[in-house]
Amino acid sequence: MAAKSREFSFKELSSRSNLIDYPEDDEDEDTAKAPRRNPFDFGDTNTPALDFSFGADSKFVSNTEVNEFFKASRPIAITDDDEPLGAAWGGAQYSLKAEEPKAQVQSARLRSGSSNQATAQSSPGKVYSWANPTATKPKVLTSASKPTSYATKTVPPPPKPTQHPTKSVPASSVRSNTGSPAAALQTVSASIDDVIKQTPQISVHEYQLLQKEAGQLRRDLQAARQSRMKAPPVAESIKRIIRGEPYSLELYKSLKEKVELLDVAVKMHDGNAIIAVILFLKKTVKSSIFLNEVSKRPKAVAHLSKYLKDHYDFDELARLYRITGNHEEAALLKLNQIMKLEDAKDRLTGLRVCLRDDLQPFPQLADLSSTSQDYATLLEMQIPLEAADVKAEMERRNMSMTTHPRQASVTLCPVITTLYYCCLYHYQDSAAQKSSPMWIKSTFKLSDKQVEWTALTSRAKMHSWKDIDDILTGKDQSERNKLKVYWRQGWFGSSRCRSLIGFENVVNVLHRNKAPENVLSKYSRLIDDHSRRISLATKCKCYDVAIETIVAQKDRQSLVQYRQNLPDNAPQHQTIMSYLRNSQIRWKN
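First, a word on what this report is: a plain description of the structure on this page. Here the structure is a predicted model, which means the values were calculated and not measured.

What to know about the overall build of the protein chain
- Helix and strand content of the protein chain: 27 helices and 4 strands.
- Out of the 589 residues in the protein chain, the part that is buried amounts to 34%.
- Considering only residue pairs separated by 6 or more positions, the protein chain has 59% of its internal contacts joining residues 24 or more positions apart.
- Carbon and sulfur atoms form 53% of the exposed surface of the protein chain, whose accessible area is close to 37500 Å².

So this is what it looks like as structure tokens:
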């Protein structure tokens, strides 16, 4: 037989002194069975006090019976109370009003404020509970009812609350009285969805105002888009560049506007604006038109030249120089790039191209062209000379290279260094050979002083004292050696040498290269200044030359003082004593 569940209210449970189990529908069950007492009934006013004394007939409730009681009492619904719960705590504003069905709610965009107010005022005193309002009250147990057992009773779960449609609230009342969901709940009886989502409804009048405002915003946006596509005045764009504000030059499409931009930038004397406009022109117009327009404005050319130089765009810079007629700067720029090449053959090739394209076509660059041509000739001489000397050094055919090995390559060296190299290793070559010092002197038009100094230094390094004597006296006048200096004929046909660099420098060079004393003494005596002669002679330890100079000046005191400065074991002490004892010398002091 199907079981019929029974429900009990809290009041019934608390007022009854005995829990009586009723049979579900069994009328034949024994009714004389004694009911059990409720062990959890702590006394209603109408219930006699319980006696907790344990007598002989006392019966105890098992844990199973307690658990069954809890299972039966938990699903009791709140709506089954016999008495109403009363007003909401905190006031009527916390109560939830009755809500109308959704079918009767008009759209927020179409209903007026008066309809909203009327809807909000409908059913003012009607309060709904969370349970279903149509649910029937359970039957109240009476003493005449038949008891049954809890073990066989099934209590259904409480009914779920019925969700009612959301009630609309005027937006004006919510907007004026609420600033938060809690304030909205205290002010008006709004639905929970409106409070949580904060989406109050608006009236038709407010909706029309919002429509007008949205239309004005659309028109403003359209006007802004049209103004953005329209190029502002040229002066305004240049001022924005100068002030560092956002700008766009792409709006200027015609060549006239772009040239006007350049003119205004040059007129305002701002380098950043000039460079910005120049780069814009370079990107948007042909190269020929760009260079033609820039070349007409010297200030723009100066700024563009500096910009290209800083960014190492030398080809474009040389092209700009040529278009503007500054051929000398273009040639110097090209030569500067050629001189940075490390390979001698590449440098020679670049020089020939530069001579053909940038130097020889312009007569005003004759001096620069001549210098560049001489350097090309020097490279043409150095490249085969280096190859031949490398081979000769490996085969040991040049004795100078054996005693004094080469320290570096001769290629890419200046002409004076090349002359020094040839005086070291090719001093005996004939003048017709390109490795001869005389060929270098005649080809590059070197002065006698340059040749003397270079040849003297190189031959002193090789300890070729005979060659130095030939250079300074000019005795060897053969075709093989013409490295002579000015010399004059002395008395009785003797040749007297004269140096263009001064014998003081000659003695210093010889002393630096450890020349013997006789060679130093020979050229020390040719120094014209007596004080410098004595000083250098003492420095080179040519004491005889210094003593002879002092005696020639007839300065006895200086001679005595010089004797005191001589080393103790110097043989010149006897020479000085002989001069001091000579009665034929007329001393000044």
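Next, the rest of the story.
What to know about the packing of aromatic side chains
- Under the criterion given, the structure shown has 4 aromatic pairs.
- Geometrically, the ring pair formed by W439 and F444 is edge-to-face, given 6.2 Å between the ring centres and 85° between the ring planes.
- Arranged with centres 6.3 Å apart and planes meeting at 15°, the rings of F503 and Y523 form a pair that is stacked. Residue F503 is found in helix α22 (residues 503-512), and its partner Y523 is found in helix α23 (residues 517-524); the two are separated by 20 residues along the sequence.
- Relative accessible area serves as the criterion here: at 9%, F503 is assigned to the buried category.
- Positioned over the ring face of Y427 is R459, at 4.6 Å from the centre of the ring.

Regarding the nonpolar core
- If you look at the biggest cluster of nonpolar residues, it comprises 34 residues, and the most contacted ones within it are V506, L510, Y523, L559 and Y562.
- Put simply, the parts of the chain that give this core at least two residues each are α20 (448-461), α21 (465-473), α22, α23, α24 (530-539), α25 (543-553), α26 (556-565) and α27 (572-581).
- With 6 residues, α25 is the largest single contributor of residues to this core.
- Beyond its immediate stretch of four places on either side in the chain, Y562 contacts T538, Y543, A546, I547, I550 and I576.
- With 33 residues, the next largest nonpolar core counts A331, L348, A376 and L446 among its residues.

Re the side chain of Q572
- Note that Q572 resides in helix α27.
- Ignoring sequence-local partners within four residues, the contact set of Q572 consists of Y543, D544, I547 and L566.

Some words on the pattern of salt bridges
- As enumerated under the stated definition, the model contains 20 salt bridges in all.
- A salt bridge links R243 to E245; the shortest N-O distance between them is 3.1 Å.
- Here E386 makes a salt bridge to R406, at a shortest N to O gap of 3.0 Å. You can see E386 sitting in helix α16 (residues 366-395) and its partner R406 sitting in the loop between α17 (399-403) and α18 (415-425), a full 20 residues away along the chain. Like E386, the residue R406 is buried in the burial classification.
- Several salt bridges converge on common partners, so that one network encompasses E236, R240, R243 and E245.

A few points about the state of the cysteines
- One pass over the structure, following the stated rule, counts 0 disulfides.
- The thiol sulfur of C542 is not disulfide-bonded, and the nearest other cysteine sulfur, from C540, lies at 5.4 Å.
- Exposure remark for C542: the relative accessible area of 1% places this residue in the buried category.

What about the packing of α21 against α23?
- Axis separation between α21 and α23 bottoms out at 12 Å; the angle between their running directions is 10°. Our classification of the angle between α21 and α23 gives roughly parallel. The way α21 lies across α23 gives a crossing that is left-handed. Of the residues in α23, those in contact with W465, I468, D469 and L472 of α21 are V519, K522 and Y523.
- Residues that form the contact of α21 with α23 fall into these classes: 5 nonpolar, no polar and 2 charged.

Details of helix α13 (residues 314-323)
- All of the buried residues in α13 are F314, E316, L317, A318, L320 and Y321.
- Positioned one or two residues after α13, G325 has a phi angle of 85°, which is positive.

Describing unusual backbone geometry
- Of note, the phi angle at L412 is positive, near 65°, even though the residue is not glycine.
- Looking at the element boundaries, L412 is found in the loop between α17 and α18.
- The backbone of K541 sits at a positive phi, close to 65°, despite the residue not being glycine.
- One can find K541 in the loop between α24 and α25.
- When its relative accessible area of 56% is taken as the criterion, K541 is described as exposed.

Things to note about the environment of E517
- Its place among the elements puts E517 in helix α23.
- In this structure, the C-alpha to C-alpha distance between E517 and C540, residues 23 residues apart in sequence, is 7.7 Å.

Topic: the packing of α26 against α27
- Interhelical geometry of α26 versus α27 gives an angle of 160° and a closest axis separation of 10 Å. Relative to α27, α26 is oriented roughly antiparallel. The chirality of how α26 crosses α27 is left-handed. Judged by residue contacts, R556, L559, V560, Y562 and R563 of α26 engage H573, I576, M577, Y579 and L580 from α27.

Here's the deal with the environment of L281
- Tracing the sequence through the fold places L281 in helix α10 (residues 271-284).
- Look at L281 and you get buried, because its relative accessible area is 4%.
- Taking the C-alpha atoms as reference points, L281 and K258, separated by 23 residues in sequence, lie 6.8 Å from one another.
- Discounting residues that sit within four places of it in the chain, L281 has contacts with K258, L262 and F290.

A closer look at the environment of L355
- Relative to the helices and strands, L355 resides in helix α15 (residues 344-359).
- Looking at L355, the relative accessible area reads 4%, which means it is buried.
- Here the alpha-carbon distance between L355 and L368, two residues 13 residues apart in the chain, equals 9.5 Å.

Topic: the side chain of D555
- When you line up the elements, D555 lands in the loop between α25 and α26.
- This buried residue, D555, is left without a salt bridge; K588 holds the nearest opposite charge, at 5.6 Å.
- Among the polar contacts listed, one links the side chain of D555 to the side chain of S558, at a separation of 2.3 Å.
- Discounting residues that sit within four places of it in the chain, D555 has contacts with I550, W587 and N589.

Conventions adopted
Positions within a chain are numbered from 1, following the residues in the order the chain's sequence is written. With the structure being a predicted model, the display of local features is reserved for residues of pLDDT at least 70 and the display and counting of side-chain atom pairs for 80 or more, all residues being used for whole-chain, interface and lining totals. The side-chain numbers reported here are obtained from all heavy atoms of the structure, hydrogens and water having been left aside. Numbering goes from the N terminus for both helices and strands, where a helix is a DSSP run of H or I of at least four residues and a strand is a run of E of at least two. Relative accessibility thresholds used throughout: buried, under 20% of the residue-type maximum; exposed, over 50%; partly exposed, between the two (1.4 Å probe, protein chains only). Whether two residues touch is decided by their heavy atoms; if any such pair falls within 4.5 Å, the residues are in contact. Using a 1.4 Å probe, the Shrake-Rupley method yields the accessible areas, and only the shown protein chains count as cover for residues. We call Phe, Tyr and Trp rings a pair once their centres come within 6.5 Å, taking the six-membered ring for Trp, and we label the pair stacked below 30 degrees between planes, edge-to-face above 60, and tilted otherwise. A positively charged side chain is recorded as over a ring if its NZ (Lys) or CZ (Arg) lies within 6 Å of the ring centre. The angle to the ring normal must also be within 35 degrees. Throughout, nonpolar core names a set of buried Ala, Val, Leu, Ile, Met, Phe, Trp, Tyr and Cys residues whose side chains join them through atoms within 4.5 Å. Here a salt bridge means any side-chain nitrogen of Lys or Arg lying within 4 Å of a carboxyl oxygen belonging to Asp or Glu. Here, two cysteine sulfur atoms that lie within 2.5 Å of each other are counted as a disulfide. Angles run from 0 to 180 degrees between N-to-C directions of axes, and those axes are lines fitted to C-alpha atoms, restricted for helices to the stretch in contact. Angle categories are assigned with fixed cut-offs, so that under 35 degrees is roughly parallel, over 145 is roughly antiparallel, 65 to 115 is roughly perpendicular, and the rest are oblique. Left-handed is the label given to a crossing in which the near helix is rotated counterclockwise from the far helix by less than a right angle, and right-handed is the label when the rotation is clockwise. Each residue gets one label: Ala, Val, Leu, Ile, Met, Phe, Trp, Tyr, Cys and Pro are nonpolar, Asp, Glu, Lys and Arg are charged, and the others, such as Gly, are polar. A positive count includes Lys and Arg, and a negative count includes Asp and Glu. His and the chain ends are not counted in either. What qualifies as a polar contact is a pair of N or O atoms within 3.5 Å, subject to a donor-acceptor requirement within protein and to the restriction that residues adjacent in sequence count only when both atoms come from side chains.

On their own, these measurements won't tell you what the molecule is for.
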